[in-house]
Amino acid sequence: MEIWNEAKECMSRDQMTQLQSARLKKAVTNVYHNVKFYRQKMQEMGLEPGDIKGIEDINKLPFTTKADLRDNYPFGLFAVPKTEIVRIHASSGTTGKPTVVGYTRKDLDTWSECVARCLTMAGLGKDDIIQVAYGYGLFTGGLGAHYGVENLGATVVPMSTGNTKKLINMMIDFEVTGLMCTPSYLMHIAEVIEEMGVKDQIKLKSTINGAEPWTEAMRIQIEDRLNIKAFDIYGLSELMGPGVANDCEYHKGMHIFEDYFLPEIIDPNSKESLEDNVTGELVLTNLNKEGMPLLRYRTRDLTSISHDVCDCGRTTARLSRFKGRSDDMLIIRGVNVFPSQIETALLSLDETTPNYQIIVDRVGSLDNLTVKVEVDEKFFSDEIRELEKLEKKIAYAIQQMIGLATKVKLVEPRSIERSEGKAKRVIDNRKFD
Ligand code: DLL
């Protein structure tokens, strides 16, 4: 379906349901016959492919988890002979074996179509010059974005990460209009543009940023800072890579490409489906992947879904801004805290920057939360009393947001390490046995 050209997915809900049901039935038959792991799981559940009549039967099917990918390392979940696989990506988690994904040529075409749709949503087209500053390599960000730009017919500048000044100089010389990188790297690029004093030479129109959680406040701040439009892109290597969903110019959630990915939101504990607009864990099923199709993959990402038609006219379902991952959630003195809540509190104040780090320590049996945040140099030349006043003000804003007393430590600009990929926001020094 070549629908990204006009940038409006105008299928009715009925048409979409029909398409998804037909694709789901095919996908289930395919994995039953070609992936031992799914055949065994379905047999254990007394399920046959014919029992799945449409998407209304989705919750009869087994879930897939990251542990299943690791247990079947490296190629155990491939549904085609290895000779059909033309590319492999892998992500190295913090523990255990990496998770490996394989793509057929058709999978790569689908992927580049999805990324092209995202770029169209961000107002970019054939005439644009787009820098890709996600890492190239086993990470899906660089190459995934790259082929999407080429599929759109725009010009790709494959920067990868590593040299921010060179990126900015090329941005000026090539009159670059689009940039794809993580939101935290975009903040750093903005900082360096300001330091170099070249903001008025930049022709950038849109940036497409994802691979890590970021808040709406941060998106707006960066738009103002660089005078651009910034868009949120979601994806994960297990299902494909970047380009599963992207927000449009209304920024009221990310449109998910439902013709390729069937979304569900579940309660992570009871595993029951949740209604529209209720936050839970996103579960995704690949509807037409050949290389490594996954059924009901538990992403651990927390969001909600809406099926209302968007102001832009697109009829695809929308995922609300990600709250974080269930495994990023900190439990501090029994209270659930997400880094994104702290970011929202920090960005509600004029004095702070989005450069922060959250440190959790355990003293005796008590957990302590410290938020290190960079503030303008001028606060350090002021009286110490002023600095303490500001720390209290920030601590109060955070407490209002998370309901917990927090220690705030103000630090000088540039003292928190910058990231060119996914930022490390949390340092948890507690030992869990
Ligand atoms: O991060 C793919 C990607 C590359 C997406 C470039 C967007 C842009 P993984 O390394 O497998 O793949 O990490 C996937 O990153 O499950 C989320 O937890 C998180 N994530 C990705 N996009 C967003 C986003 C790539 N827009 C994991 N907002 C996912 C919040 C995101 N979290």
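About the cut-offs
Residues numbered from 1 in each chain as written. Predicted model: local features only at pLDDT ≥ 70, side-chain atom pairs only at ≥ 80, totals over all residues. Heavy atoms only, no water. Pairing = 2+ DSSP bridges. Helix = DSSP H or I, 4+ residues; strand = E, 2+ residues; numbered from the N terminus. Axes fitted to C-alpha atoms, helices over the stretch in contact; angles between N-to-C directions. Contact = heavy atoms within 4.5 Å. Domains from an automatic or database assignment. Buried area = accessible area lost by both parts, 1.4 Å probe. Near = heavy atom within 4 Å. Polar contact = N/O pair within 3.5 Å; in protein donor to acceptor, adjacent residues only side chain to side chain. Areas by Shrake-Rupley, 256 points an atom, 1.4 Å probe, with all protein chains shown as cover. Nonpolar A, V, L, I, M, F, W, Y, C, P; charged D, E, K, R; others polar. Expected span 1.5 Å × (residues − 1). Buried < 20%, exposed > 50% of the residue type's maximum accessible area, 1.4 Å probe, protein only. 1 Å grid on protein atoms, 1.4 Å probe; cavity = no way out; pocket = protein on both sides within 12 Å on 5 of 7 lines; lining within 4 Å. Points joined across faces, edges and corners; volume = space filled by probe spheres on them. Core = buried A, V, L, I, M, F, W, Y, C linked by side-chain atoms within 4.5 Å. Parallel < 35°, antiparallel > 145°, perpendicular 65-115°, else oblique.

Colleague: Explain the sheet that holds strand β21 (residues 426-428) residue by residue, including any values.
Modeller: Read from one edge to the other, the open sheet built from four strands follows the order β20-β19-β18-β21, with strand pairing classed as mixed. The open sheet is flanked by β20 (407-411) and β21, the only strands paired with a single partner. Geometrically, the sheet is characterised by an average inter-axis angle of 20 degrees between neighbouring strands, direction not taken into account. Pairing geometry for strand β18 (residues 352-363) and β21, over three bridges, is parallel. Of the residues in β21, the one forming a bridge with Val360 is Asp428. Strand contacts of helix α9 (residues 339-347): β18, β19 (366-375) and β21, with the helix running at about 135 degrees to β18, the strand carrying the most contacts. Helix α11 (residues 384-402) contacts β18, β19 and β20 of the sheet and is inclined by roughly 130 degrees relative to β20.

Colleague: With reference to specific residues and values, describe the domain arrangement of the chain.
Modeller: Domain boundaries assigned for the chain yield domain 1 (1-325) and domain 2 (330-428). Here the C-alpha centroids of domain 1 and domain 2 sit 30 Å apart. At the junction of the two partners, domain 1 supplies 23 residues and domain 2 supplies 15 residues. Contact between domain 1 and domain 2 buries roughly 1600 Å² in total, counting both sides, with carbon and sulfur atoms accounting for 53%.

Colleague: Requested: an account of the sheet that holds strand β3 (residues 129-132), with residues and values cited.
Modeller: Ordered in space as β4-β3-β5-β6-β7-β8-β9-β14-β13, the nine strands form an open sheet in which the pairing is mixed. Strands at the two margins of the open sheet, each flanked by one partner only, are β4 (155-158) and β13 (305-306). Bridge count for strand β5 (residues 178-181) against strand β6 (residues 206-210) is four bridges, and the pairing is parallel. Residue pairing for β6: Cys181 is matched across the bridge by Asn209. The strands touched by helix α4 (residues 105-121) are β3, β5, β6, β7 (229-236), β8 (241-247) and β9 (254-256); relative to β8, the strand with the most contacts, the crossing angle is about 30 degrees.

Colleague: Describe in detail the site of the ligand, supporting the description with residues and values.
Modeller: Taken together, 20 residues lie near the ligand, and Asp232, Ile233, Ser237, Asp301 and Lys422 sit nearest. Contacts to the ligand include Glu212, whose backbone N or O atom sits 3.4 Å from a nitrogen atom. Asp232 is positioned such that a nitrogen or oxygen atom in its side chain is 2.8 Å from a nitrogen atom of the ligand. When the free accessible area of the ligand is taken as 610 Å², the share hidden by the protein chains comes to 93%. Elements with a minimum of two residues in the shell around the ligand: α5 (140-152) and β7. In terms of residues, the shell around the ligand owes the most to one element, β7, which gives five residues. Across the shell around the ligand, the residue classes break down as nine nonpolar, five polar and six charged.

Colleague: So, helix α7 (residues 183-196): which residues are in play, and what are the values?
Modeller: The end-to-end C-alpha distance of α7 is 20 Å, a good match for the 20 Å that 14 residues give at a rise of 1.5 Å each. Taking burial as the measure, the 14 residues of α7 include eleven buried ones, the bulk of the element. Within α7 the residues assigned to the buried category are Pro183, Ser184, Tyr185, Leu186, Met187, His188, Ile189, Ala190, Glu191, Val192 and Ile193. Those residues of α7 that are buried lie in contact with α6 (164-173), β5, β6, α8 (216-226) and β18. Just past α7, the residue Gly197 takes up positive phi, approximately 65 degrees.

Colleague: Pulling in residues and values, what's your account of the layout of surface pockets?
Modeller: Counted as a void, the second largest pocket has a volume near 330 Å³. If you trace the second largest pocket, you find 21 residues lining it, with Glu191, Arg225, Thr353, Asp376 and Pro413 closest to the centre. Broken down by secondary-structure element, the contributors of at least two residues to the lining of the second largest pocket are α7, α8, β18, β19 and α10 (378-381). Here the residues of the lining of the second largest pocket are counted per class, giving five nonpolar, four polar and twelve charged. Each of two domains, domain 1 (1-325) and domain 2 (330-428), supplies a minimum of three residues to the lining of the second largest pocket.

Colleague: Any details on the environment of Pro242? Residues and values, ideally.
Modeller: Turning to its location among the elements, Pro242 is positioned in strand β8. When its relative accessible area of 12% is taken as the criterion, Pro242 is described as buried. Considering only alpha carbons, one finds Pro242 and Gly142, 100 residues apart in sequence, at a separation of 9.1 Å. If near-sequence neighbours (up to four positions away) are discounted, Pro242 is found in contact with Trp111, Val115, Thr140, Gly141, Gly144, Ala145, Ile233, Tyr234 and Gly235.

Colleague: How would you summarise the nonpolar core if you had to cite specific residues and measurements?
Modeller: Counting 71 residues, the largest nonpolar core has Leu24, Leu61, Leu119, Met180, Tyr234, Phe261 and Leu284 as the members making the most contacts within it. With eight residues, the single largest contributor to this core is α4. Beyond its immediate stretch of four places on either side in the chain, Leu24 contacts Ile52, Gly54, Ile55, Ile58, Leu61, Leu262, Thr285 and Leu287. Judged by nonpolar contacts, the second largest core, of 27 residues, contains Met159, Val192, Ile222 and Leu347.

Colleague: Break down the packing of helix α1 (residues 13-34) against helix α2 (residues 36-44) for me, with residues and values.
Modeller: Interaxial distance between α1 and α2 falls to 6 Å at its minimum, and their mutual angle equals 105 degrees. In this view, α1 runs roughly perpendicular relative to α2, as classed from their interaxial angle. Of α2, the residues touching α1 (which contributes Val28, Val31, Tyr32, His33 and Asn34) are Lys36, Tyr38, Arg39, Met42 and Gln43.

Colleague: Any details on unusual backbone geometry? Residues and values, ideally.
Modeller: That bond from Tyr73 to Pro74 is cis: its omega, -5 degrees, falls within 30 degrees of zero. With respect to the element layout, Pro74 can be found in the loop between α3 (66-71) and β1 (87-91). Despite not being glycine, Lys271 shows a phi value in the positive range, around 65 degrees. Here Lys271 lies in the loop between β10 (261-266) and β11 (280-286). One non-glycine residue, Arg296, lies in positive phi territory at about 45 degrees. We classify Arg296 as buried; its relative accessible area is 2%.

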